[in-house]
Structure formats: C-alpha cells, structure tokens
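Each chain, written out:
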Amino acid sequence: MLSGLTGLKALIFPESGGCPLCGRQGTPDQICRFCLQVWADLAKGLVPCAKCGRFHSGEEGEKICWECREGEPRYIMARAVAPYEGPVREAVHYFKFCGKRELAYPFGELMAALIVQLFPFRTFSAVVPVPLHTNRLRERGYNQAALLAGVIARFLKIPLQEEALLRVRETPSQTSLSRQEREANVKKAFSAGKDALQLKGKRVLLVDDVYTTGATVKECCQVLTSAGIGEVYVIALAAGDRKSTRLNSSHGYI
C-alpha cells in the first residue's frame, strides 16, 4: 500500500515504464492490479446509498441515506471510483496540487469504466466538468475536473462541453468547512454558460475529482437543471463517506 514517505516517493519518482502510482509493473498510462486492489479494499464491507453513493457499514439497512431523504439532490445518481483516504488521497493530492497532469489519463479511464458498468444503457449528450474560477485556474495552471472529463469524453465518445457551466464567483477553500458552511460558500458561485442552451432536455454527465459533502456538485446540478438540462448524473474519482459529513472529516466513498 502506498503510504507516508513510500507513497510520496513512488508518486514523485515512479520507476520508469511502470504503474504511474507505484512504478512496480504495467505501463505509465495504467494503474496496476496491485494498486487497484488496494483502492478496492478500502470499500470492503460497505454498501452505497442508492442516491448519492456514499458508503456505510450497512447496519442501518437503508437504501437512501438520511441526508438525501432530508434534501434530495437534483442529480439522478452520483458515484465515485474509490474512497478518499490513504493511497487514494495521496494520489489525488499529487494530481490536483503538484502538477501531475499525466494522472488524468489513468484516472479518467477508471471513471469511464465505472460509468459503463453503472449506466450501460444510458446515452449522455455531453460531459460537463465542474469549473474552476479563472483566478484559481491561473494559479494552478489547469482544471483537474476538466482533464478528467476530457479523458472520459474521449473514451465514451461523448462531446465535452466546458462552457456549459461557469464559475462566476471565487470562493475560499472548502477543506476546513462544515457541510452547512460548504453549502453557503458555493451558493451562487456558478452559472449556466452558452453551451447549456444546446443541452436543454438532454442527459449530461457532471465530472469532479473529489466529492465530500456534495455541496459543490449539488449547486452545479441546481444551476444545470434550472437552465433546462433534463437529467444530471455525477461521477467523481474519489469521495468522502456519509459519516464524514457529520463529523466534518473527509474519508471514504461518495
């Protein structure tokens, strides 16, 4: 398992020609079986909410979690590839904050495979990434959600519409905020763009890198559906579990 200094070293200096996460085997554009198994092990013994997909122990026996029952999101369904903890958290950190753009390809491939598995008969009219504000985009140099969305669009042969959703207000980082604070933080931070006009009544796939409380995704979906888009499905690389929204931490599945 990638952890601590070993995980950091593997991500920064992977062995030539190997897995982009551990360098042990395989190719630089595919995550190896070992790392995939490590990611899968994080979700063992858990079951997902049928709506938001965040995993729990299954002891409550509920199909829809209490948060979705209290305020049902405007999307049809949300899912993620892996829990946002341990090696997944490290990988996302390097992809998002350390310029590891090349990780978009293997990550996007995993997300595309999950989409095919979950929605084999769904026809999406567009792939829409969660946007960054222009100031944040200038600072980071790229929008990680847009990179993932581009890979997914190519794999699934679906148009990428980066102008369907715009970030019109810069907001502070969500990291240290509670669920309620996150929701207030992103309120009116997005607006429908010119490409949204082409998608009225259509089904779209919204892409983000990490889903924790879901505040950002919910606000995006509110904007898209208010603009006339028919159905929104959500796919993320990693996500926080339901418990994390109560305790204001961030680990686990969507």
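Quick notes on the rules
- Residues numbered from 1 in each chain as written.
- Predicted model: local features only at pLDDT ≥ 70, side-chain atom pairs only at ≥ 80, totals over all residues.
- Heavy atoms only, no water.
- Core = buried A, V, L, I, M, F, W, Y, C linked by side-chain atoms within 4.5 Å.
- Buried < 20%, exposed > 50% of the residue type's maximum accessible area, 1.4 Å probe, protein only.
- Helix = DSSP H or I, 4+ residues; strand = E, 2+ residues; numbered from the N terminus.
- Contact = heavy atoms within 4.5 Å.
- Salt bridge = Lys/Arg side-chain N within 4 Å of Asp/Glu carboxyl O.
- Disulfide = S-S within 2.5 Å.
- Phe/Tyr/Trp six-rings, centres within 6.5 Å; stacked < 30°, edge-to-face > 60°.
- Polar contact = N/O pair within 3.5 Å; in protein donor to acceptor, adjacent residues only side chain to side chain.
- Pairing = 2+ DSSP bridges.
- Axes fitted to C-alpha atoms, helices over the stretch in contact; angles between N-to-C directions.
- Parallel < 35°, antiparallel > 145°, perpendicular 65-115°, else oblique.
- Left-handed = near helix turned anticlockwise from the far one by under 90°.
- Nonpolar A, V, L, I, M, F, W, Y, C, P; charged D, E, K, R; others polar.

Caption draft 1: The arrangement of the nonpolar core in detail. Core analysis: the largest hydrophobic core is formed by 38 residues, its most contacted members being Leu21, Trp39 and Phe107. The greatest single-element share of this core, amounting to six residues, is contributed by helix 5 (residues 104-118). Here Trp39 is in contact with Leu21, Ile31, Val81, Ala82, Pro83, Pro87, Val88, Ala91, Phe107, Leu110 and Leu237, once residues within four sequence places are set aside. Residues Leu206, Cys220, Cys221 and Val232 belong to the second largest nonpolar core, which totals 30 residues.

Caption draft 2: How the structure looks around the pattern of salt bridges. Taken as a whole and assessed by the stated rule, the structure comprises five salt bridges. Here Lys51 ties to Glu72 by a salt bridge, and the two come within 3.3 Å at their closest N and O atoms. Pair noted here: Lys51 is in the loop between strand 1 (47-48) and strand 2 (55-56) and Glu72 is in the loop between helix 3 (66-70) and strand 3 (77-83), with a separation of 21 residues, a long-range link. Note that Glu231 and Arg203 form a salt bridge whose closest N and O atoms lie 2.7 Å from each other. Of the two residues, Glu231 sits in strand 8 (residues 231-239) while Arg203 sits in strand 7 (residues 203-211), which places them 28 residues apart along the sequence. The exposure class of Glu231 is partly exposed, given its relative accessible area of 26%.

Caption draft 3: How the structure looks around the state of the cysteines. Enumeration over the complete set of coordinates arrives at zero disulfides. Cysteine Cys22 is unpaired, with the sulfur of Cys32 as its nearest cysteine sulfur at 3.5 Å.

Caption draft 4: Quick look at the packing of aromatic side chains. Applying the stated rule across the entire model yields six aromatic pairs. Plain terms: the ring middles of Tyr105 and Phe155 are 5.6 Å apart, the flat faces sit at 45° to each other, and that makes the pair tilted. Placement of Tyr105 in helix 5 and of Phe155 in helix 7 (residues 144-156) is noted, with a sequence separation of 50 residues between them. Residue class for Tyr105 comes out partly exposed when judged on its relative accessible area of 35%. Relative accessible area serves as the criterion here: at 32%, Phe155 is assigned to the partly exposed category. When the ring of Phe124 is compared with that of Tyr233, the centres are 5.5 Å apart and the planes differ by 85°; the resulting orientation is edge-to-face. Taken together, the residues span a long stretch of sequence, with Phe124 in the loop between helix 5 and strand 4 (126-129) and Tyr233 in strand 8 at a distance of 109 residues. Tyr233 carries the same exposure label as Phe124, and that label is buried. Taken together, the aromatic side chains of Trp39, Phe95 and Phe107 make up a single cluster linked through ring pairs.

Caption draft 5: Quick peek at the side chain of Asp209. Among the secondary structure elements, Asp209 is positioned in strand 7. The exposure class assigned to Asp209 is buried, which follows from its relative accessible area of 2%. Separated by 3.3 Å, the side chains of Asp209 and Lys96 make a polar contact. When residues no more than four places from it in sequence are discounted, the contact partners of Asp209 are Val92, Lys96, Gln144, Ala145, Leu148, Ala236, Leu237 and Ala238.

Caption draft 6: Quick peek at the sheet that holds strand 7. Reading across from one edge, 3-8-7-4 is the order of the four strands in this open sheet, with parallel pairing throughout. The open sheet terminates on both sides in strands that have one partner only, identified here as strand 3 and strand 4. On average, adjacent strands in this sheet sit at an angle of 20° to one another, irrespective of strand direction. As judged from the eight bridges shared by strand 7 and strand 8, these two strands associate in the parallel manner. When the bridges of strand 8 are listed, Leu206 appears paired with Val234. Relative to strand 7, helix 9 (residues 215-226) is tilted by about 160°, and along the sheet it contacts strand 7 and strand 8.

Caption draft 7: Here's a closer look at the packing of helix 5 against helix 7. Contact geometry of helix 5 with helix 7 gives a least axis separation of 8 Å together with a crossing angle of 55°. In terms of axis orientation, helix 5 runs oblique to helix 7. Crossing of helix 5 over helix 7 shows right-handed handedness. The segment helix 5 lies against helix 7, with Ala104, Tyr105, Phe107, Gly108, Glu109, Met111, Ala112, Ile115 and Val116 engaging Leu147, Leu148, Val151, Ile152, Phe155 and Leu156. Its residues placed into classes, the contact of helix 5 with helix 7 shows 13 nonpolar, one polar and one charged.

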